[in-house]
Protein chains: 2
Amino acid sequence: MSRSNPRVLSTLERAGGFASAQEVYRLMQREGESIGLTTVYRSLQSLVSDKIVDVLRRDDGEAIYRMCGGAHHHHLVCKGCGDTVEIEGGAIEKWAKTIASEHGFKDVGHTAEIFGLCPKC
Amino acid sequence: MSRSNPRVLSTLERAGGFASAQEVYRLMQREGESIGLTTVYRSLQSLVSDKIVDVLRRDDGEAIYRMCGGAHHHHLVCKGCGDTVEIEGGAIEKWAKTIASEHGFKDVGHTAEIFGLCPKC
DNA sequence: TCACAAATGAAAATGGTTTTCATTTCCATG
DNA sequence: CATGGAAATGAAAACCATTTTCATTTGTGA
């Protein structure tokens, strides 16, 4: 197992808590930090599985990492500019639980995302 | 420029209007259609820019294409055996619409998937 | 100091997607 | 019918983010 390199988290914070692995890597290089791309990826993965950061996808498929508040939430994503808003998913939680138990499923989780065009786009 | 190959659209329809380029390609091959992967990608891109299909991303970054407009459904997926059940998403539709309009978003779509362990697993 | 686990990173592998380019298919015109 | 150019096609190569491999370094407890 590998633990997160703290400089990665601090760089992500400094980047506004919103950057791709490649961007974090380039940023650290530009600042003279000695680190390998592999370590950046591993640290980000570890931060994700520890729920310290959230991962989502740009339109081109590149993963972007973002510091997030603790509670489980969903995203409203703009198809135009990629802007995202964290949203509550109360209704979804109930829906998922209901449907799952109707079909006898246990140990249930879910994903949900809403996308559209934001007012600016 | 290239126009969409109609067999690509028809295959996407047959797939339930929800598949990746690779899946459409494999499906067409399995059905004996002679087509290249390049053409599948080009056709899907063209369908997207014509707003006939929508594109979004799986968690692993793979692009999935979906017919917009046609009735869509969601999936209940077993983490154990991969079995999937198609489900209605009435509650979700409303939730997505409400949340989106609260934030001034237009042209709204959504994804949602429930996963868990089916009775057999 | 010694030994062993964890961390690191360079390089190679992976895999979806895009680009290149030579070839084939269409189709309007003479 | 030609025939000439535009559009479509697809095999192979290029691309690029991400993951894996593996040899090396670092840290730590005995």
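As shown above, the structure is provided for reference.
Before going into details, it helps to say that this report is about the structure given with it. (Residues numbered from 1 in each chain as written. Chains lettered and ligands numbered in written order. Predicted model: local features only at pLDDT ≥ 70, side-chain atom pairs only at ≥ 80, totals over all residues. Heavy atoms only, no water.)

## Digging into the overall build of chain A
- The number of helices and strands found in chain A is four helices and six strands.
- Ordered by position in the sequence, the α and β elements of chain A form the string α-β-α-α-β-β-β-β-α-β.
- Summarising its shape, the C-alpha atoms of chain A cover approximately 55 × 40 × 25 Å along the three principal directions.
- When each of the 121 residues of chain A is scored for burial, the buried share is 40%.
- By sequence separation, contacts in chain A at least 24 residues apart represent 47% of the contacts at least 6 residues apart.
- If you sum the accessible surface of chain A, you get close to 6600 Å²; carbon and sulfur atoms cover 51% of it.
- For chain A, the distance from the average position of its 15 positive side-chain charges to the average position of its 16 negative side-chain charges is 3 Å. (Helix = DSSP H or I, 4+ residues; strand = E, 2+ residues; numbered from the N terminus. Buried < 20%, exposed > 50% of the residue type's maximum accessible area, 1.4 Å probe, protein only. Contact = heavy atoms within 4.5 Å. Areas by Shrake-Rupley, 256 points an atom, 1.4 Å probe, with all protein chains shown as cover. Lys, Arg positive; Asp, Glu negative; His and termini not counted. Charge placed at Lys NZ, Arg CZ, Asp CG, Glu CD.)

## Structural notes on the interface of chain B and chain A
- Every contact between the two is made by 40 residues of chain B and, on the other side, 37 residues of chain A.
- Summed over both partners, the interface of chain B with chain A comes to about 3000 Å²; 67% of that surface belongs to carbon and sulfur atoms.
- The largest share of the area that chain B buries against chain A comes from W95, F105 and I114 of chain B, three residues that together contribute 23% of it.
- For the pair chain B and chain A, the number of links is zero salt bridges.
- Here chain B is connected to chain A by four residue pairs in polar contact (both at pLDDT 80 or more).
- Contributing elements (two or more residues each) for the side of chain B that touches chain A: β2 (53–57), β4 (74–78), β5 (84–87), α4 (90–102) and β6 (106–117) of chain B.
- Here the side of chain B that touches chain A gets twelve residues from one element, more than from any other, and that element is β6 of chain B. (Buried area = accessible area lost by both parts, 1.4 Å probe. Salt bridge = Lys/Arg side-chain N within 4 Å of Asp/Glu carboxyl O. Polar contact = N/O pair within 3.5 Å; in protein donor to acceptor, adjacent residues only side chain to side chain.)

## Brief notes about the pattern of salt bridges
Residues and elements named next belong to chain A.
- Applying the stated criterion across every chain, the model contains eight salt bridges over all chains.
- Across the salt bridge formed by R14 and E31, the nearest N and O atoms sit 2.7 Å from each other. One end of the pair, R14, is in helix α1 (residues 6–14); the other, E31, is in the loop between α2 (21–30) and α3 (37–49), with 17 residues separating them in the sequence.
- With a relative accessible area of 44%, R14 lands in the partly exposed category.

## Some details on the side chain of S20 of chain A
- With respect to the helices, strands and loops of the structure, S20 of chain A is situated in strand β1 (residues 18–20).
- Relative accessible area serves as the criterion here: at 0%, S20 of chain A is assigned to the buried category.

## Let's talk about the nonpolar core
- L76, W95 and I114 of chain A together with W95 and I114 of chain B are the most contacted members of the largest nonpolar core, which totals 24 residues.
- For this core, the elements supplying multiple residues, two or more each, are β4 (74–78), α4 (90–102) and β6 (106–117) of chain A together with β4, α4 and β6 of chain B.
- Setting aside chain neighbours within four positions, we find I114 of chain A in contact with H75, L76, V77 and I87 of chain A together with W95, A96, I99, A100, V108, G109 and H110 of chain B.
- One finds V8, A19, M28 and Y65 of chain B within the second-largest nonpolar core, a separate group that totals 15 residues. (Core = buried A, V, L, I, M, F, W, Y, C linked by side-chain atoms within 4.5 Å.)

## Structural notes on the sheet that holds strand β3 (residues 63–67) of chain B
All names here are of chain B.
- Sheet architecture is open: three strands sit in the order β1-β3-β2, paired in antiparallel fashion. Each edge of the open sheet carries a strand with a single partner, namely β1 (18–20) and β2. Along the sheet, successive strands turn relative to each other by an average axial angle of 30 degrees, direction set aside.
- Where β1 lies against β3, three bridges are found, and the strand directions are antiparallel. Pairing of A19 across the sheet is with Y65, part of β3.
- Contacting β1, β2 and β3, helix α1 (residues 6–14) runs over the sheet at an angle of about 90 degrees to β3.
- Relative to β1, helix α2 (residues 21–30) is tilted by about 95 degrees, and along the sheet it contacts β1 and β3. (Pairing = 2+ DSSP bridges. Axes fitted to C-alpha atoms, helices over the stretch in contact; angles between N-to-C directions.)

## Some remarks on α2 of chain B
Residue and element names in this part refer to chain B.
- Where α2 is concerned, the buried positions are A21, V24, Y25 and M28. The arc that holds every buried residue of α2, seen down its axis, measures 100 degrees, which confines them to one face.
- Contacts made by the buried residues of α2 are with α1, β1, α3 (37–49) and β3.
- Looking one or two residues beyond α2, the residue adopting positive phi is G32, at roughly 85 degrees. (Arc of directions from axis to C-beta.)

## Considerations on the sheet that holds strand β2 (residues 53–57) of chain A
Residue and element names in this part refer to chain A.
- Sheet architecture is open: three strands sit in the order β1-β3-β2, paired in antiparallel fashion. The sheet terminates laterally at β1 and β2, the two strands that pair on one side only. Sheet twist, expressed as the mean angle between neighbouring strand axes with direction ignored, is 30 degrees.
- Packing of α1 onto the sheet brings it into contact with β1, β2 and β3 (63–67), and relative to β3 it is tilted by some 85 degrees.
- Its contacts with the sheet put α2 on β1 and β3, and the angle it makes with β1 is roughly 95 degrees.

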